[in-house]
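Tertiary structure, described
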Amino acid sequence: MKGITLKISKPTDKLSIGSSKLFGNPDVWDGFEWPYIEENGEKYDLNFLCQINCEQAAAFDKEGWLPKTGMLSFFYDLDTMPEAPDEKSARVLWYNGDVSALNEMILTDENGHGLAFSEQRIDFDAADADKPSSHLLLGKMTSDAAGNGDGIQDGVPLLRLCSFETEDAHIRFRGNGMLCFSIEKEKLGACDFSEVKAAQK
C-alpha cells in the first residue's frame, strides 16, 4: 500500500471551506455531533486534529483505498494523549457529500475567544519511501510503529503524524515521536471508519 505524503505549511490567507488542513476550526455538516469520550459519567470533547479533502487526496491514491469524495475528519485526545492503542481516544468521521455545503464551526470560550490552534495548510505528494520523519496517509507500518502485539499491527495505517511545531502549538508524541491511526483493511475498503484505533509510537 503506497503512502501519500502530507506537506504541512502555514497558509498566507484564510483557507477556503473544505480545504485539507491541520488544526484550525473544522468544516462540518448538518447533523454533525462533536466526538467525545465519557468517563465516570462526564463527557470530554476530543480535539480536532485535521481534515482531509478526499477529492484532493484521490489523485495520489493510485490504489484507490481512500474514499474518492467527501471529507475525512480526525479527532484525538490531545489532553491525555494515551500511548496504547485505543478506540475511545480517537475518532474518524467521513462526510460523504458535497464539501461546498460544509460550514466552519468556530470554537470559542465563554468570553468569545478562539480556542483552535492556527490552521495549517495540507498539500499532498506521492511517497517514494516511507521515511520516519514523514506525515503520511496510508503507506506501510514501520517496524517502530508496528508495535509488539498491541493491536496496531493488525490493521493498516490510515494516518501517521510525527511530532511537529506550529506558531502556537508544540505537539510531542512519545516513543519514536509519532501518532498512528490504524484501521482494519476490510473496514477501510468498505469506508467504515467507526472502529479506528490510535497509538503513539
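Residues numbered from 1 in each chain as written. Predicted model: local features only at pLDDT ≥ 70, side-chain atom pairs only at ≥ 80, totals over all residues. Heavy atoms only, no water.

Our next topic: the sheet that holds strand 7 (residues 71-76). In space, the 10 strands of this open sheet follow the order 8-7-6-2-10-1-11-12-15-16, with antiparallel pairing throughout. This sheet does not close on itself; its edge strands, each paired only once, are strand 8 (90-95) and strand 16 (197-200). With 2 bridges connecting them, strand 2 (residues 21-22) and strand 6 (residues 47-53) associate as antiparallel partners. Bridge assignment links Leu22 to a residue of strand 6, and that residue is Cys50. (Pairing = 2+ DSSP bridges. Helix = DSSP H or I, 4+ residues; strand = E, 2+ residues; numbered from the N terminus.)

Enumeration according to the criterion identifies 12 aromatic pairs in this entry. Their ring planes at 65° and their centres at 6.4 Å tell us that Trp94 and Phe193 sit as a pair that is edge-to-face. Highlighted residues: Trp94 in strand 8 and Phe193 in the loop between helix 2 (185-189) and strand 16, separated in sequence by 99 residues. Here a set of aromatic residues connected by ring pairs shows up, and it is made of Trp29, Phe32, Trp34, Phe48, Phe75 and Tyr95. (Phe/Tyr/Trp six-rings, centres within 6.5 Å; stacked < 30°, edge-to-face > 60°.)

If pLDDT is low for a region, its predicted coordinates should not be looked at in detail. This prediction gives the protein a mean pLDDT of 87; 88% of its residues lie at or above 70. Confidence drops under pLDDT 50 across residues 143-152; counting only partners more than four residues distant or on other chains, this segment forms 19 contacts. (pLDDT = per-residue confidence, 0-100. Contact = heavy atoms within 4.5 Å.)

Mapped onto the fold, Met178 is located in strand 15 (residues 178-183). Along the sequence, Met178 and His135 sit 43 residues apart, while their C-alpha atoms lie 8.8 Å from each other.

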